[in-house]
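Survey of secondary and tertiary structure
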Amino acid sequence: MLADAIRDIGFAALVVGDGESLASAHLPMLLVPGAGEGVAMVLEGHVALGNPIWRAAGRGGAALAVFQGPHAYIHPGWYPSKQADGRAVPTWNYVVIEARGRLSIERDPAWLRAHLTALTDGHEAGRPEPWALNDAPADYIDRMVRGIVGLRLTIEDLQGVWKMAQHRTETDRAGVAAGLSASEDPNARAIARLMRPT
């Protein structure tokens, strides 16, 4: 379930600490099987050469990748129980996954090309005319590859939260889902879909 959510969301806030300060970047990341003993999963991404986060990553610092899924404000009036006892306050329903581990860098052009190909192919799949890395001139791609640094987060801890009013009654949950479904906010409608039993 956590791996599926990471793949669905695909975009992370990456935070790296060096003991004295924090650096952050926001980037698409791919979840791939780990290579090596005891390494189940790795997150791969890249940043521009000018982004300072890769220097912190190169020191093998601790890192946190946060994948934030749909989220929505919950109006207390959506709880039918509020009409009976008034015991309701606003809250927030959300999906978030946090991956912690050690970050390393990749500068090998072959690795970077393979990463860019996998990233692009995944997002272009299903399009009527999918774009591929080799659609651009080779010298242009070479220049682009020289301008990025690959990042690999070896996952040591993976946690996720689906806060969907689980502590409320089924009637209150149904009221929240109905309220969210009526919203024009796509995040609210996504939360409503997640709250409905499958």
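It should be noted that the structure appears before, not after, this text.
The model shown is predicted, which means the values in this text are computed figures rather than measured ones. (Residues numbered from 1 in each chain as written. Predicted model: local features only at pLDDT ≥ 70, side-chain atom pairs only at ≥ 80, totals over all residues. Heavy atoms only, no water.)

With respect to the overall build of the protein
Stated precisely, the cut-off is as follows: Helix and strand assignments come from DSSP, with helices taken as H or I runs of at least 4 residues and strands as E runs of at least 2, each series counted from the N terminus. To get the radius of gyration, use the C-alpha atoms; to get the globule rule, take the number of residues to the power 0.38 and multiply by 2.2 Å. Burial classes follow relative accessibility: with a 1.4 Å probe on protein chains only, a residue under 20% of its type's maximum area counts as buried, one over 50% as exposed, and anything between as partly exposed. Whether two residues touch is decided by their heavy atoms; if any such pair falls within 4.5 Å, the residues are in contact. We get accessible surface area from the Shrake-Rupley algorithm with a probe of 1.4 Å; when it comes to residues, only the shown protein chains can shield them. Under the counting rule used here, the positive set is Lys and Arg, the negative set is Asp and Glu, and His together with the chain ends is not counted. For charged residues, the charge sits on one atom: NZ in Lys, CZ in Arg, CG in Asp, CD in Glu.
Per the secondary structure count, the protein includes 7 helices and 7 strands. From first element to last, N terminus to C terminus, the protein shows the α and β order α-β-β-β-β-α-β-α-β-α-α-β-α-α. Expected size for 198 residues packed as a compact globule is a radius of gyration near 16 Å; at 21 Å, the protein overshoots this value by more than 25%. Each principal axis of the C-alpha atoms in the protein carries an extent, and together these give about 65 × 45 × 30 Å. Relative to its 198 residues, the protein shows a buried fraction of 38%. Across the protein, the fraction of contacts at a sequence separation of at least 24, relative to all contacts at a separation of at least 6, is 72%. Carbon and sulfur atoms form 55% of the exposed surface of the protein, whose accessible area is close to 11,200 Å². Charge separation in the protein, taken as the distance between the mean sites of 19 positive and 22 negative side-chain charges, equals 5 Å.

Things to note about the packing of helix α4 (residues 109-124) against helix α5 (residues 138-146)
Cut-off, in case you're wondering: The axes used here are C-alpha line fits, helices contributing only the stretch in contact, and every angle between their N-to-C directions lies in the interval 0 to 180 degrees. Working rule for angles: under 35 degrees goes down as roughly parallel, over 145 as roughly antiparallel, 65 to 115 as roughly perpendicular, anything else as oblique. Only Asp, Glu, Lys and Arg are considered charged in this grouping, and only Ala, Val, Leu, Ile, Met, Phe, Trp, Tyr, Cys and Pro are considered nonpolar; every other residue, Gly among them, is considered polar.
Following both chains from N to C, one finds α4 and α5 inclined at 105 degrees, their axes separated by 10 Å at the closest point. On the basis of the axis angle, α4 is roughly perpendicular to α5. Within the contact between the two elements, α4 uses Pro109, Leu112, Arg113 and Leu116 and α5 uses Ala138, Ile141, Asp142 and Val145. Tallied by class, residues from the contact of α4 with α5 come to 6 nonpolar, no polar and 2 charged.

Regarding the sheet that holds strand β4 (residues 41-48)
Applicable threshold: Strands are labelled as partners when DSSP assigns at least two bridges between them.
If you walk across this open sheet you meet the 7 strands as β2-β1-β5-β6-β7-β4-β3, and the pairing is antiparallel. Looking at which strands have only one partner, the edges of the open sheet turn out to be β2 (22-28) and β3 (30-33). Pairs of neighbouring strands in the sheet enclose a mean axial angle of 35 degrees, with direction left out of account. The pairing of strand β1 (residues 11-17) with strand β5 (residues 62-74) spans 4 bridges and is antiparallel. Looking at the pairing, leucine 14 lines up with alanine 65 of β5. Sitting on the sheet, helix α7 (residues 186-195) is in contact with β5 and β6 (91-106), with an inclination near 90 degrees to β5.

Describing the pattern of salt bridges
Quick reminder of the rule: By definition, a salt bridge exists where a carboxyl oxygen of Asp or Glu is found within 4 Å of a side-chain nitrogen of Lys or Arg.
Applying the stated criterion across every chain, the model contains 8 salt bridges. Notably, a salt bridge pairs glutamate 44 with arginine 152, separated by 2.5 Å at the nearest N-O pair. Placement of the pair is glutamate 44 in strand β4 and arginine 152 in strand β7 (residues 148-163), with a sequence separation of 108 residues. For the pair glutamate 44 and arginine 152, a shared accessibility class is recorded, and that class is buried.

Some details on the nonpolar core
The following threshold applies: Side-chain atoms within 4.5 Å link the members of a nonpolar core, which is a set of buried Ala, Val, Leu, Ile, Met, Phe, Trp, Tyr and Cys residues.
Leu14, Leu43, Ala65, Leu151 and Leu180 are the most contacted members of the largest nonpolar core, which totals 42 residues. Top element by residues in this core is β7. It accounts for 6 residues. Other than its neighbours up to four places away in sequence, leucine 14 contacts Ala23, Ser24, Ala25, Leu27, Ile53, Ala63, Leu64, Ala65, Leu103, Leu151 and Leu153. Among the nonpolar cores identified, the runner-up in size contains 8 residues, and Leu116, Leu133, Ile141 and Val145 belong to it.

Some thoughts on the side chain of arginine 152
To keep things clear, this is the line we draw: Whenever a nitrogen or oxygen atom comes within 3.5 Å of another N or O atom, the pair is scored as a polar contact, on the condition that within protein one atom can donate a hydrogen and the other can accept it, and that pairs from neighbouring residues in sequence are kept only if both atoms are in side chains.
Judged by relative accessible area, arginine 152 falls into the buried class, the value being 18%. In this structure the side chain of arginine 152 is engaged in a polar contact, spanning 2.5 Å, whose partner is the side chain of glutamate 44. With residues up to four places along the chain from it excluded, the contact list for arginine 152 reads Val42, Leu43, Glu44, Arg102, Leu103, Ser104, Glu106 and Trp111.

Quick word on the side chain of arginine 173
Positionally, arginine 173 belongs in helix α6 (residues 170-181). Judged by its relative accessible area of 14%, arginine 173 is buried.

Some thoughts on the pairing of β5
Bridge count for β5 against β6 is 11 bridges, and the pairing is antiparallel. Within β6, the position partnered with leucine 64 by the bridge is arginine 100.

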